[in-house]
Every structure is written in structure tokens, then in C-alpha cells.
Amino acid sequence: MKTYFPKSNEIKRSWYIIDAQDKVLGDVATHVADLLRGKNKPVFSPHLDSGDFVVVINAQKVKVTGQKPVQKLYRSHSGYFGHLREISLKDMLEKKPEELLENAVAGMLPKNRMRKDFLKKLKIYAGSEHPHAAQQPQEFTF
């Protein structure tokens with residue numbers, strides 16, 4: 001029996017919508033990363049992009065457990081002396097909730113050339129409104 005490898009034109013992509021309201025950040029990011037990679041499909045191959053499009057709404061209402069809102073810091077450095085910028089998770093959730101969720105999902109994706117392609121299929125919105133109604137996304141519950 002030969003091993004089956006799906007061709008790129010045989011892969012069918014769906015649209016899913018996830019409501020992140022009152023859900024834990026890590027749980028949402030894990031399920032989104034699995035959908036983006038296509039791990040929920042029987043034709044999953046790690047070397048192919050067989051994932052689906054994912055729309056996440058209510059990103060600003062995601063929950064974070066424990067002391068993470070105060071203790072967890074996001075750091076960025078420009079390369080110049082003294083230009084280290086730090087922002088706490090609580091401040092990030094207030095100012096840029098989309099970027100917070102995108103960082104969590106990106107950390108759960110493989111660190112290779114396909115990571116950019118996976119993240120292009122991720123659409124995150126702070127509120128409950130989104131412009132992807134024409135794609136008829138299916139509700140994804142977990």
C-alpha cells in the first residue's frame with residue numbers, strides 16, 4: 001500500500017469563526033494554531049499548508065489566569081542602546097488585543113518558512129464585528 005500525499009490543488013479550505021469572549025488565552029491560541037496548520041483534517045501533512053482560515057472575534061475579552069496580567073512582559077528592542085521597550089500583558093490587552101493573540105498563536109506555530117503563510121490566514125478583531133460574513137464562516141466551539 002502506498003502512502004497518500006495530498007496535492008496542493010486537492011486541499012479544501014474552510015472558514016471558521018471563534019468567539020474568544022471569556023475563554024483562556026492559551027486555549028484559544030492552541031485551537032487556532034491547530035486549525036491554521038490543518039491538524040484537524042485527515043489529510044494533514046507537516047510539509048504542506050493544508051489549514052483553514054480562522055476569524056477570531058472579541059479578542060479584548062479574552063481571560064488570562066493567575067498573575068500573568070501583572071508579571072508577564074512583552075519586550076522589543078530596536079538594536080540601539082537603551083531602546084528596550086517593555087509592556088505588561090494587562091497594558092497590551094487594553095491597547096493592542098489583536099497583537100497579543102497573534103503573538104500567542106505565532107508562538108505555537110512551527111518556526112519555519114510556512115509560519116508567515118499560516119499567520120496570513122488568521123484574522124483577529126477586538127470587537128464582535130468582522131467583515132468576513134461573505135465567506136460564511138462556521139462557528140468553532142471547544
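Q: Sorry, what's going on with the packing of helix α1 (residues 25-37) against helix α4 (residues 97-107) here?
A: The relative placement of two packed helices comes down to the angle between their axes together with the axis-to-axis distance. Where α1 contacts α4, the axes come no closer than 8 Å and their chain directions differ by 60°. Relative to α4, α1 is oriented oblique. Of the two elements, α1 crosses α4, and the hand of that crossing is right-handed. For the pair α1 and α4, contact is made by L25, V28, A29, V32, A33 and L36 and by L100, L101, A104 and V105, respectively. Along the lines of polarity and charge, the residues of the contact of α1 with α4 split into 10 nonpolar, no polar and no charged.

Q: When you look at the pairing of strand β2 (residues 53-57) in this model, what are you seeing that I'm missing?
A: Regular strands place their side chains on alternate faces of the sheet. The element β2 is extensively covered by neighbouring structure, given that 4 of its 5 residues are classed as buried. Across 5 bridges, the pairing between strand β1 (residues 15-19) and β2 is parallel. The partner of D19 across the bridge, within β2, is I57. Taken together, β1, α1 and β2 form a β-α-β motif whose crossover is right-handed. Inspection of the sheet shows β2 paired to strand β5 (residues 122-124) by 3 bridges, in the parallel sense. Paired with V54 across the bridge in β5 is L122.

Q: When you look at the packing of aromatic side chains in this model, what are you seeing that I'm missing?
A: Each pair of aromatic rings is reported with the distance of its centres and the angle of its planes. In the structure shown here, the tally under the stated rule is 3 aromatic pairs. Ring geometry for W15 against F53: centres 4.5 Å apart, planes inclined by 5°, an arrangement best described as stacked. Linking W15 in strand β1 with F53 in strand β2, this pair joins segments that are 38 residues apart in sequence. Here W15 falls in the buried class, since its relative accessible area comes to 17%. Feature note: the residues Y16, F140 and F142 constitute an aromatic cluster, connected by ring pairs. Positioned above the aromatic ring of F142, the side-chain terminus of K23 is 5.4 Å from the ring centre. Cation over ring: K72 sits above Y74, and NZ or CZ is 5.3 Å from the ring centre.

Basis of the calculations
Think of each chain on its own: its residues are numbered from 1, step by step along the sequence as written. Restriction of local features to residues with pLDDT of at least 70 applies here, the model being predicted, together with a cutoff of 80 or more for giving and counting side-chain atom pairs; totals for whole chains, interfaces and linings are based on all residues. Note that water and hydrogens are dropped before the side-chain values are worked out from all heavy atoms of the structure. A fitted line through C-alpha atoms represents every axis, and for helices the fit uses only the stretch in contact; the resulting angles, taken between N-to-C directions, go from 0 to 180 degrees. We count a stretch as a helix when DSSP gives it H or I for four or more residues in a row; a strand needs E for two or more, and each element gets its number in order from the N terminus. Convention used here: angles under 35 degrees read as roughly parallel, angles over 145 as roughly antiparallel, angles from 65 to 115 as roughly perpendicular, and any remaining angle as oblique. Should the near helix be turned anticlockwise from the far one by less than a right angle, the crossing is left-handed, and should it be turned clockwise, the crossing is right-handed. Here a residue-residue contact requires only that any non-hydrogen atoms of the pair lie within 4.5 Å. Each residue is assigned to one class: nonpolar for Ala, Val, Leu, Ile, Met, Phe, Trp, Tyr, Cys and Pro, charged for Asp, Glu, Lys and Arg, and polar for all the others, Gly among them. The rule is simple: take the accessible area with a 1.4 Å probe, protein chains only, and divide by the maximum for that residue type; under 20% is buried, over 50% is exposed, in between is partly exposed. DSSP calls a pair of strands paired once it identifies at least 2 bridges connecting them. If the strands point away from the viewer and the path from the first strand over the helix to the second runs clockwise, then the crossover is right-handed. Centres within 6.5 Å are what make two rings of Phe, Tyr or Trp a pair, Trp counting through its six-membered ring; a difference in plane orientation under 30 degrees is then read as stacked, over 60 as edge-to-face, and the rest as tilted. Two conditions define a charge sitting above a ring: the NZ of Lys or the CZ of Arg must be within 6 Å of the ring centre, and it must be within 35 degrees of the ring normal.

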